[in-house]
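Survey of secondary and tertiary structure
The chain contents come next:
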Amino acid sequence: LWFAFVDPHRPYRDGAIPRPHTAGDVRVPPFLPDVPDTRKDLALYYDEIARLDGVVGRVLTELQRQGQAGNTMVVFLSDNGRPFPRCKTTLYDSGIKTPLLVRFPGSVKPGSLCHSVVSSVDLAPTLLDIAGVRVPASFQGRSFRTLLKQPGKSIRRYAYAEHNWHDFDDHSRSVHSVRFNFIRNEYTDVAGTPPADAVRSLTFQAMRRLRDAGKLTSDQQGCFTVPRPREELYDVVADPFEL
């Protein structure tokens, strides 16, 4: 069963949960301006994540009620980073480093953590491997079944990501190891404008006003900078925000 949730997709509205987050609950990354509109936007985003968490809990409760929790593998993942400027549709960690949680009684130790690089293309061969089905040679991914019981192991040195289209044409590629993220941009003559949903956000509208007033920091200029660098290389351990 593939259970696709809409949360935390935009648009955001007040009242998503009974006890909403406040501006004081928010942690603003340095590539976004720490102003009231950004904090309000992020607080509403937190609300949608909390609502999503509640729905996931109801799914797990239903598995338990039907007596199927013990023989069901549950995988939670996201398709992209949060819909904010310099996140969704970028090849920075804020755009492609998404959640991957696995609950599998008898195979995954609760609370265990794996630091290996894996890719979303690895999910299909993993499920086939666990089901005892031969993985077709045409599959690009690799099974991470070994990591479920041995999280200290590794199945690949690099994961690859691409950006081609989301509301507008673009062409970027990245290669990611545990420590480094290398990005190549082909369209250097256009700014790294966010997708339409993020363009309409409170955050990006505030960034436009601050840009016009000359009040954005150098770390917050990326969405407007032209030309973009053709090549970018980041040490994500020492520089987790890739600044």
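Before any of the text, the structure's been laid out above.
So, a few notes on the structure that sits alongside this text. Computed from a prediction, not measured in an experiment: that's the story for all the values here. (Residues numbered from 1 in each chain as written. Predicted model: local features only at pLDDT ≥ 70, side-chain atom pairs only at ≥ 80, totals over all residues. Heavy atoms only, no water.)

So, on to helix H6 (residues 202-212). For H6, the set of buried residues is Thr203, Phe204, Ala206, Met207 and Leu210. Taken end-on, H6 shows its buried residues confined to a sector of 155°, consistent with a single buried face. Tucked inside the fold, the buried residues of H6 contact helix H1 (36-65) and helix H5 (196-199). Among the residues trailing H6, Gly214 stands out with phi positive, at a value near 70°. (Buried < 20%, exposed > 50% of the residue type's maximum accessible area, 1.4 Å probe, protein only. Helix = DSSP H or I, 4+ residues; strand = E, 2+ residues; numbered from the N terminus. Arc of directions from axis to C-beta. Contact = heavy atoms within 4.5 Å.)

The topology assignment puts Ser119 in the loop between strand S2 (100-103) and helix H3 (123-130). In contact with Ser119, other than residues within four places in its own chain, are Arg156 and Ala159.

Another point: the nonpolar core. Grouped together as the largest cluster of nonpolar side chains are 18 residues, with contacts concentrated most on Tyr45, Phe84, Phe204 and Phe224. Mapped by element, the contributors of at least two residues to this core are H1 and H6. Looking at which element gives the most residues to this core, the answer is H1, with 5 residues. When sequence neighbours within four positions are dropped, the list of residues in contact with Phe224 reads Ala191, Phe204, Met207, Arg208, Arg211 and Leu216. Counting 8 residues, the second-largest nonpolar core is a separate cluster that includes Met73, Val108, Phe144 and Leu148. (Core = buried A, V, L, I, M, F, W, Y, C linked by side-chain atoms within 4.5 Å.)

Quick look at the pairing of strand S5 (residues 180-185) now. Judged by which residues are buried, S5 turns out to be one-sided: Asn181, Ile183 and Asn185 face inward and are buried, whereas Phe180, Phe182 and Arg184, on the alternate face, are not. Where strand S4 (residues 169-176) meets S5, 5 bridges bridge the pair, whose relative direction is antiparallel. Directly across from Arg173, in S5, lies its bridge partner Arg184. Between the end of S4 and the start of S5, which pair antiparallel, lie 3 residues. (Pairing = 2+ DSSP bridges.)

Of note, the amide linkage connecting Asp7 to Pro8 takes the cis form, showing an omega dihedral of -5°. Summarising the element assignment, Pro8 is placed in the segment before H1. Between Val226 and Pro227 the backbone carries a cis peptide bond, its omega angle lying at 0°. In this fold, Pro227 is placed in the loop between H6 and strand S6 (231-235). Even without being glycine, Arg86 reaches a positive phi, approximately 65°.

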